[in-house]
Amino acid sequence: MNAGKNGMSDYTLVLTGTDGTNVVLTGTNPKRLVDRLRAKIAPADRRRTKGAGGIRRLPNGRVKAYRTVVDPNTGEEHRVSRTADTQAVAESRLREALSEFERTHRVGYVRPPTVAEWMDHWLTDVCKPRLKPRTWGTYASVGANDIIPAIGKVRLDELKPAHFRRMERYITVE
């Protein structure tokens, strides 16, 4: 501790690393020195381990929680992610998806979704965050008025060209 220019005590904190490097922090307020020290140390403490996943804020303000999992049957890596308006909800949804993966070893749906279920997911999770409201409204309207009434109950793995002809006939004739 040294006397400063205005008679106040100056504090100097010297940290020596195992590799011989020094970090020197000086100031007149010991609390401020501790805060600066925490700022230098904290980023390493907050870092997640490899494979632990992550959380990031998307440009639209929503929060995305994600994690990479390995399928024990095939050895393939899959990214499991869930989005929500808050970090807590996104993490909760991710935990549910990971427990479902542990149970079934499948990412995504356990059974193939219907066209209506897929449209709902696609509109809310994929389109809405990326599109302007009016464009999203047009997509939702076309889905609700044309696609879902015609082929909404058909599962995606059972879709055939005949279903698209049925939808075309529904839109143009009925």
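Whatever comes next refers back to the structure up there.
So, here is what we can say about the structure in this document.

Cut-offs used in this document
- Residues numbered from 1 in each chain as written.
- Predicted model: local features only at pLDDT ≥ 70, side-chain atom pairs only at ≥ 80, totals over all residues.
- Heavy atoms only, no water.
- Helix = DSSP H or I, 4+ residues; strand = E, 2+ residues; numbered from the N terminus.
- Buried < 20%, exposed > 50% of the residue type's maximum accessible area, 1.4 Å probe, protein only.
- Contact = heavy atoms within 4.5 Å.
- Areas by Shrake-Rupley, 256 points an atom, 1.4 Å probe, with all protein chains shown as cover.
- Salt bridge = Lys/Arg side-chain N within 4 Å of Asp/Glu carboxyl O.
- Axes fitted to C-alpha atoms, helices over the stretch in contact; angles between N-to-C directions.
- Parallel < 35°, antiparallel > 145°, perpendicular 65-115°, else oblique.
- Nonpolar A, V, L, I, M, F, W, Y, C, P; charged D, E, K, R; others polar.
- Phe/Tyr/Trp six-rings, centres within 6.5 Å; stacked < 30°, edge-to-face > 60°.
- Lys NZ or Arg CZ within 6 Å of the ring centre and 35° of its normal.
- Core = buried A, V, L, I, M, F, W, Y, C linked by side-chain atoms within 4.5 Å.
- Left-handed = near helix turned anticlockwise from the far one by under 90°.

Bringing the overall build of the protein into the picture now. A count of helices and strands for the protein gives five helices and six strands. In the protein, the succession of α and β elements from N to C terminus is β-β-β-α-β-β-β-α-α-α-α. Counting every position in the protein, which comprises 174 residues, the buried fraction comes to 20%. A separation of at least 24 residues holds for 29% of the contacts in the protein among residues at least 6 apart in sequence. Of the accessible surface of the protein, which amounts to about 12900 Å², a share of 51% is contributed by carbon and sulfur atoms.

What follows deals with the pattern of salt bridges. Counted by the stated rule, this structure contains two salt bridges. The residue Arg62 makes a salt bridge to Asp85 at a minimum N-O spacing of 3.1 Å. Separated by 23 residues along the polypeptide, Arg62 in the loop between β4 (54-57) and β5 (63-70) and Asp85 in the loop between β6 (77-84) and α2 (87-104) bring together distant segments of the chain. On the basis of relative accessibility, which here comes to 57%, the residue Asp85 falls in the exposed class.

For the rest of this paragraph, the subject is the packing of helix α3 (residues 115-127) against helix α4 (residues 133-151). At their nearest, the axes of α3 and α4 sit 10 Å apart, and the two run at 170° to each other. Relative to α4, the element α3 lies roughly antiparallel. Between α3 and α4, the residues in contact are Val115, Ala116, Met119, Trp122, Leu123 and Cys127 and Trp136, Tyr139, Ala140, Gly143, Ile147, Ile148 and Ile151, respectively. Classifying every residue of the contact of α3 with α4 gives 12 nonpolar, one polar and no charged.

Enumeration according to the criterion identifies one aromatic pair in this entry. Here Trp122 and Tyr139 contribute two aromatic rings whose centre-to-centre distance is 5.8 Å and whose plane-to-plane angle is 5°, an arrangement assigned as stacked. Of the two residues, Trp122 sits in helix α3 while Tyr139 sits in helix α4, which places them 17 residues apart along the sequence. For Tyr139, a relative accessible area of 35% translates into the label partly exposed. Over the ring of Trp136 we find Lys128, and its NZ or CZ is 4.6 Å from the ring centre.

Judged by nonpolar contacts, Val63, Ala65, Val69, Val80, Ala84, Ala90, Leu94, Ala97, Leu98 and Phe101 together constitute the single largest core of 10 residues. Taken together, the elements giving at least two residues each to this core come down to β5, β6 and α2. Here this core gets five residues from one element, more than from any other, and that element is α2. Membership of the second largest hydrophobic core comes to nine residues, among which are Val115, Met119, Leu123 and Ile151.

Quick look at the packing of α4 against helix α5 (residues 161-172) now. One way to put it is that α4 packs onto α5 with a least axis distance of 9 Å and a crossing angle of 130°. Taken together, the axes of α4 and α5 are oblique relative to one another. Like other packed secondary-structure pairs, α4 and α5 cross with a definite hand, here right-handed. Along its contact with α4, which presents Asn145, Asp146, Ile147, Pro149, Ala150 and Ile151, the element α5 presents His163, Arg166, Met167, Tyr170 and Ile171. Taken together, the residues of the contact of α4 with α5 sort by class into seven nonpolar, two polar and two charged.

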